[in-house]
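Remarks on the overall topology
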Amino acid sequence: GSICLGQEVAWNGKRGTVRYIGGVKFTAGEWVGVELTQPAGMHSGNVMGVPYFLCAPKHGIFAQVAQLVPGGATQAAAAAAAPPVVPASSPAVVTPMAVAATPSGGEEELATLPSKEKTTDGSISLGQIVTWNGKQGTVRYIGDVRFAKGEWVGVELTEATGMH
């Protein structure tokens, strides 16, 4: 089925309302901006300085249509697992980028990209314990991603409280 503005949907088992459909500056393709009912998102509808839609902080996410379940019904298959991907920062602290969703099949896509051992500036290494958004995790990937430019760091959180 198709997705339309104002429609109730579920993303990774979380309920929300479609607030934006279209292109974005941070990656190619059509994306759906969703305002979640709970603060389980990554942003307020503003990503990298571009206001796509407006919602409360940590209530906004972007997803592909295939990642959404129309009507807000939960679906275990919608909870695709991939480590959170965040940009490199200073040692032992990783600051999140306001991008909440990877393209469909993100885990498989990340697995095919070779990881670097360290960030370009040498401040973060594979296997290093870091803090992301106040949560402890282990660096599992460093390098390029297919959904955005720049050097990115994939973090596996110690507790299952991440986005993917």
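Residues numbered from 1 in each chain as written. Predicted model: local features only at pLDDT ≥ 70, side-chain atom pairs only at ≥ 80, totals over all residues. Heavy atoms only, no water.

Overall, the coordinates contain 7 aromatic pairs when judged by the stated rule. Note on Tyr-20 and Tyr-52: the rings are 5.3 Å apart at their centroids and 65° apart in plane angle, and the pair reads as edge-to-face. You can see Tyr-20 sitting in strand β2 (residues 14–22) and its partner Tyr-52 sitting in the loop between β5 (50–51) and β6 (60–63), a full 32 residues away along the chain. Taken individually, Tyr-20 and Tyr-52 each receive the classification buried, so the pair is uniform in this respect. Here Phe-53 and Phe-62 contribute two aromatic rings whose centre-to-centre distance is 5.7 Å and whose plane-to-plane angle is 70°, an arrangement assigned as edge-to-face. The buried category is assigned to Phe-53, whose relative accessible area is 9%. Each member of the aromatic cluster is reached from another via a ring pair, and the members are Tyr-20, Phe-26, Trp-31, Tyr-52, Phe-53 and Phe-62. (Phe/Tyr/Trp six-rings, centres within 6.5 Å; stacked < 30°, edge-to-face > 60°. Helix = DSSP H or I, 4+ residues; strand = E, 2+ residues; numbered from the N terminus. Buried < 20%, exposed > 50% of the residue type's maximum accessible area, 1.4 Å probe, protein only.)

Turning our eyes to something else, we now look at the pattern of salt bridges. Pairing between side chains of opposite charge can happen when the charged atoms of each approach one another. On inspection of all chains with the given rule, the structure shows 3 salt bridges. Here Arg-19 makes a salt bridge to Glu-35, at a shortest N to O gap of 2.7 Å. One end of the pair, Arg-19, is in strand β2; the other, Glu-35, is in strand β3 (residues 31–36), and 16 residues separate them in sequence. On the basis of relative accessible area, Arg-19 is assigned to the partly exposed category, the value being 39%. Close ionic contact of Glu-151 with Lys-116 constitutes a salt bridge, the shortest N to O distance being 3.2 Å. Of this pair, Glu-151 sits in the loop between β11 (135–143) and β12 (152–157) while Lys-116 sits in the loop between α1 (106–112) and β10 (129–132), and the two are 35 residues apart along the sequence. Taking relative accessible area as the criterion, Lys-116 reaches 35% and is therefore assigned partly exposed. (Salt bridge = Lys/Arg side-chain N within 4 Å of Asp/Glu carboxyl O.)

On to the sheet that holds β3, then. Pairing between the strands of a sheet is mediated by backbone hydrogen bonds and can be parallel or antiparallel. Within the open sheet, the 5 strands sit side by side as β6-β3-β2-β1-β7. Their pairing is antiparallel. The open sheet has two free edges, formed respectively by β6 and β7 (68–70), since each of these has just one partner strand. Across the sheet, the axes of successive neighbouring strands diverge by a mean angle of 45°, strand direction being ignored. Where strand β1 (residues 8–11) lies against β7, 3 bridges are found, and the strand directions are antiparallel. Within β7, the residue paired with Val-9 across the bridge is Pro-70. (Pairing = 2+ DSSP bridges. Axes fitted to C-alpha atoms, helices over the stretch in contact; angles between N-to-C directions.)

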